[in-house]
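# Structure at a glance
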Amino acid sequence: MADLETDYFVIGTGAMGMSFVDTLLTETDADIVMVDKHHAPGGHWNDAYPFVRLHQPSSFYGVASTPLGSNRIDEVGPNKGYFELASGPEILAYFESVMRERFLPSGRVRYFPMHEVVKDNALRSSITGAETGIHVRAKTVDSTYLNTTVPSTHERKFEVEEGVVCVAPGELPRRAPSHRSFVILGGGKTAMDVGVWLLDNGVAPDSIYWVCPRGSWLINRDTTQPTADFFVQSIGGFARQLTACAQALDVDDLFDRLESSGNLLRIDKSQRPSMFHFATISTGEVEQLQRIKNIIQAGHVSAITSEEIILAEGEAAAPENALYIDCTATAVERRPVCPIFAGNRITLQMVRLPNPCLSAALAAYLEAHYQDETEKNRLCEPVPICDTPEEWPAAQFGNMKNQLAWSQERPVRDFITNCRLDGFGQLVRDVDRSNAAHMEIVKTMREAGMPAAMNLQKIMAAQG
Ligand SMILES: Cc1cc2nc3c(=O)[nH]c(=O)nc-3n(C[C@H](O)[C@H](O)[C@H](O)COP(=O)(O)OP(=O)(O)OC[C@H]3O[C@@H](n4cnc5c(N)ncnc54)[C@H](O)[C@@H]3O)c2cc1C
């Protein structure tokens, strides 16, 4: 006989597992067991570097029932004028309080930190090795499928000669004072955070080297602000995005249009980026990063010796007294999508990219209120994670297809528009009808929707 019995067995207490359980608690009276290898809820944020922050506003991150932050506008720093971005410690404190003040006192959640799932029907303590059998009456919920990796936990894919100092960004504040040059490895958001951190701390741009195998398109943070004061930037940005999708001739033309409309940014204007991971950044941060001129672009690093950096397509001299900062973790893995609802298993994935929290909350809402598995999957189609601009039309089309399905299903539409994790639905619903400029934006958005979806399909088909 199993030691534990429950309705829902949720693997992972990262943002997605927490968001799923929060909505399930609100919408049902189910009993839930949660398990995680980490010692505290919050998933990868437990392993983050000390100066990490959300790159999108706190106001639509976390769990639906409990706001994160106080909707403050930052008055200083590169995010000045925009809504607060929670820091790693703030996110961890938030998830801890959701667990301690909401989940556990409900009497319906049992939480097993420092435990790993074995064979899907048992948990093993990573401290004592003791195994606990579990009988799941309803479903097992896997929130680990996207497999987020961060620099401190990923496996390094290049060699480092003894004596060369190569660290994860978490080590940077402690190690930086003993080095004169800094080599950032990787082209993603973590690498950008490291660059901004070094410059903000007074390091001269000449002392920074950036091994950036490929450039990235970046979402302009101006378009992600959650209140009516930013209607023109946020909803206007979305309307401009739809118009670009409707009119573009191909992927390059689409990204050119998104850049001209202010939706997308890039650091090096002389180069066409080949990466798009939904990293969100302010123009202030872009300007900071443009000060770094020592860009090493010759593919991925394969080895670092005391003399040189060996790359896939060449070598570069190793700067003197250098600290190498490894920012090469992939963050979210690009696994093939699979049905979210399949028998007695729920595999959480993004149904609105890039919003993991809303995606998980919606899956819980559907689980609570819909019986038919086909219908649930129709309303919750996973959107493939994208890596390149060429893959973005499929992701955008997936987002739009889901949005259309939700808009035609009243209870789902109501759930989403009333959910704080949605971000923008409430802004459109509550538009000031006496404001002609705002109404014009809503009109453009509505008119461009269908042509955008059709043209995206055309662009996808032309890519083969
Ligand atoms: C630096 C960074 C910044 C980001 N900023 C934003 C942002 O601003 N806005 C946004 O929407 N998204 C952002 N993201 C995207 C990211 O997808 C989400 O932030 C989210 O935190 C991911 O949560 P998750 O639950 O999917 O994964 P995770 O946080 O990885 O949680 C999964 C959990 O499952 C546990 N686990 C795995 N396998 C097992 C097992 N076998 N047994 C037990 N436990 C297991 C792990 O220990 C982990 O705690 C960011 C990502 C990164 C890396």
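Predicted model only: the values in this text are computed from it and were never measured.

## Re the site of the ligand
Around the ligand, the structure places 30 residues, and the nearest of them are Gly12, Gly14, Met16, Gly43 and Leu54. Ranked by residues supplied to the shell around the ligand, first place goes to helix α1 (residues 15-27) with three residues. Residues belonging to the shell around the ligand are distributed by class as follows: 14 nonpolar, 13 polar and three charged.

## Some remarks on helix α4 (residues 189-200)
Taking 1.5 Å as the rise per residue, α4 with 12 residues should run 16 Å; its terminal C-alpha atoms sit 16 Å apart, in good agreement. Among the 12 residues in α4, nine count as buried, and that is most of the element. Restricting attention to buried positions, one finds in α4 the residues Thr190, Ala191, Met192, Asp193, Val194, Gly195, Val196, Trp197 and Leu198. On its buried face, α4 is in contact with α3 (172-175), β9 (181-185), β10 (208-211), β13 (275-281), α7 (283-289) and β18 (322-326). Immediately beyond the C-terminal end of α4, within one or two residues, lies Gly202, with a positive phi of roughly 85 degrees.

## Here we look at the domain arrangement of the protein
Taken domain by domain, the protein comprises domain 1 (4-148 + 333-387) and domain 2 (159-215 + 266-326). Its C-alpha centre places domain 1 at a distance of 32 Å from the equivalent point of domain 2. Across the boundary between the two partners, domain 1 contributes 13 residues, which contact 20 residues of domain 2. Class assignment of the residues belonging to the side of domain 1 that touches domain 2 gives a composition of nine nonpolar, three polar and one charged.

## Observations regarding the sheet that holds β18
An order of β8-β18-β9-β10-β14 is seen for the five strands of this open sheet, with the pairing classed as parallel. At either margin of the open sheet sits one strand with a lone partner, and together these are β8 (165-167) and β14 (294-296). The mean inter-strand angle of the sheet, taken between neighbouring strand axes irrespective of direction, is 20 degrees. In this sheet, β14 lies alongside β10 in parallel orientation, the contact comprising three bridges. If you follow Trp210 over to β14, its bridge partner there is Ile295.

Rules of the game
- Residue positions within a chain follow its written sequence, with the count starting from 1.
- A pLDDT threshold of at least 70 governs which residues receive local features in this predicted model, and a stricter bar of 80 or more applies before side-chain atom pairs are shown or counted, although totals over entire chains, interfaces and linings include all residues.
- Contact assignment follows one rule, namely that a residue is near a molecule or strand if its backbone-placed C-beta atom lies within 6 Å of it.
- In DSSP terms, a helix is any run of H or I states spanning at least four residues, a strand is any run of E spanning at least two, and both are numbered starting from the N terminus.
- The classification used treats Ala, Val, Leu, Ile, Met, Phe, Trp, Tyr, Cys and Pro as nonpolar, Asp, Glu, Lys and Arg as charged, and all other residues, Gly among them, as polar.
- Here the expected length of a helix is defined as 1.5 Å per residue gap, with one fewer gap than residues.
- Think of it as a crowd count around each C-beta: if 20 or more other C-beta atoms lie within 10 Å the residue is buried, if 12 or fewer it is exposed, and in between it is partly exposed, with C-beta placed from the backbone throughout.
- Residues are treated as contacting if the C-beta atoms built from their backbones sit within 7 Å of each other.
- Note: domain ranges come from an automatic or database domain assignment.
- Strand pairing is assigned whenever DSSP detects at least two bridges linking the two strands.
- As a rule, the C-alpha atoms of each element are fitted with a line to give its axis, helices using only the stretch in contact, and angles between N-to-C directions run from 0 to 180 degrees.

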